[in-house]
Amino acid sequence: MPAATSSRRVKNTRISRAFIIGSQSWTLTPENHPEPTPTNHTKGWRVYVRPLDHGPDMTTWLKKVQFKLHHTYADASRTIEAPPFQIQETGYGEFDIELRLYFDSSSGEKAQYRSHRLRLEPFGSEENVKRQVADNLVTAEQCEIVEFNEPSTDFLAKLTAEEQFAHLLKKTGGSKGRGAKGRNGKLEYEGGKEPSANLPERGPWSKAEEKRWLDTLSLAHKNIDAMINDENKKAQERRQRLEAA
Ligand code: SLL
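All values reported here derive from a predicted model rather than from experimental measurement.

Rules behind the numbers
- Residues numbered from 1 in each chain as written.
- Predicted model: local features only at pLDDT ≥ 70, side-chain atom pairs only at ≥ 80, totals over all residues.
- Heavy atoms only, no water.
- Helix = DSSP H or I, 4+ residues; strand = E, 2+ residues; numbered from the N terminus.
- Polar contact = N/O pair within 3.5 Å; in protein donor to acceptor, adjacent residues only side chain to side chain.
- Contact = heavy atoms within 4.5 Å.
- Near = heavy atom within 4 Å.
- Areas by Shrake-Rupley, 256 points an atom, 1.4 Å probe, with all protein chains shown as cover.
- Nonpolar A, V, L, I, M, F, W, Y, C, P; charged D, E, K, R; others polar.
- Phe/Tyr/Trp six-rings, centres within 6.5 Å; stacked < 30°, edge-to-face > 60°.
- Buried < 20%, exposed > 50% of the residue type's maximum accessible area, 1.4 Å probe, protein only.
- Salt bridge = Lys/Arg side-chain N within 4 Å of Asp/Glu carboxyl O.

(A) The side chain of Gln66, seen in detail. For Gln66, the location among the structural elements is in strand 3 (residues 62-68). A polar side-chain atom of Gln66 sits 3.0 Å from a polar atom in the side chain of Ser77. Apart from residues lying up to four places away in sequence, Gln66 is in contact with Ser77, Arg78, Thr79, Glu98, Leu99, Arg100 and Tyr102.

What follows is the structure, given as structure tokens:
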């Protein structure tokens, strides 16, 4: 029997989603954490998967996130099935958190792994360290991308639907909640910013920054290629010398 239209794959189409995996940590004080904790726990922290600012609702594609913590935690494997995809804990040490992302069933995609280093100590430039100490907040975020190749008709419809931006619409204050229209009759969004599933033009997770990284990577590839060429040449010379001896 032929596959239902809805699950048929759309050829030559690829749709991607950018999102953030991050953590925040802070030093525990009697003020910010009055509850008792094991005495060796000095830090509070949270780890999360979140959309880019002004990005689409993640639940169109992300169904659940499994966070695998260090084995010193009770129930080290924790699954969150609705936003915010986040775990909050206290502890004493840094470690790598393994994340497993589960996708919407109409995507036909297998779960994917990601890893995130939980940072508890201030890091980065002198200026960043100063700010983190002053705010008692260490934020470590990475921008990630998932690519859906030849998505099903159903899944593509979800990933291109207007509803995934509904949460960003300006509140009307009326009973309908959201969906204010401006004078030009167009829907208005919070902060006056048009939502987008694309990386923003500027800022830390922007197209400009992505290009800078790609350029750096392509330069690194060229350098590595040159080094490999060099090594191959040397190996060939050695062989020739040995054969001549
Ligand atoms: C470190 N290699 O020593 C790491 C280990 C362990 C993290 C980090 C407490 C867990 C608990 C905790 O912070 N574990 O007591 O439930 O830096």
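(B) Spotlight on the site of the ligand. Surveying the vicinity of the ligand reveals the residues His41, His70, Thr72, Tyr73, Gly91, Tyr92, Gly93, Glu94 and Phe95. Between Gly93 and the ligand, the recorded distance is 3.3 Å, taken from a backbone N or O atom to an oxygen atom. Relative to its unbound accessible surface of 460 Å², the ligand loses 68% to contact with the protein. Partitioned by chemical class, the residues of the shell around the ligand number 3 nonpolar, 5 polar and 1 charged.

(C) Highlighting the packing of aromatic side chains. For the coordinates displayed, the defined rule picks out 8 aromatic pairs. Ring geometry for Phe19 and Trp61: centres 5.3 Å apart, planes at 55°, overall tilted. One end of the pair, Phe19, is in strand 1 (residues 14-27); the other, Trp61, is in the loop between strand 2 (43-51) and strand 3, and 42 residues separate them in sequence. Judged by its relative accessible area of 2%, Trp61 is buried.

(D) Representation of the pattern of salt bridges within the structure. All chains considered together, the criterion is met by 12 salt bridges. With a closest N to O distance of 3.0 Å, Arg50 and Glu141 form a salt bridge. Here Arg50, found in strand 2, pairs with Glu141, found in strand 8 (residues 138-149); they are 91 residues apart in sequence, far enough to count as distant. Overlapping salt bridges bring together Arg50, Asp53 and Glu141 as one network.

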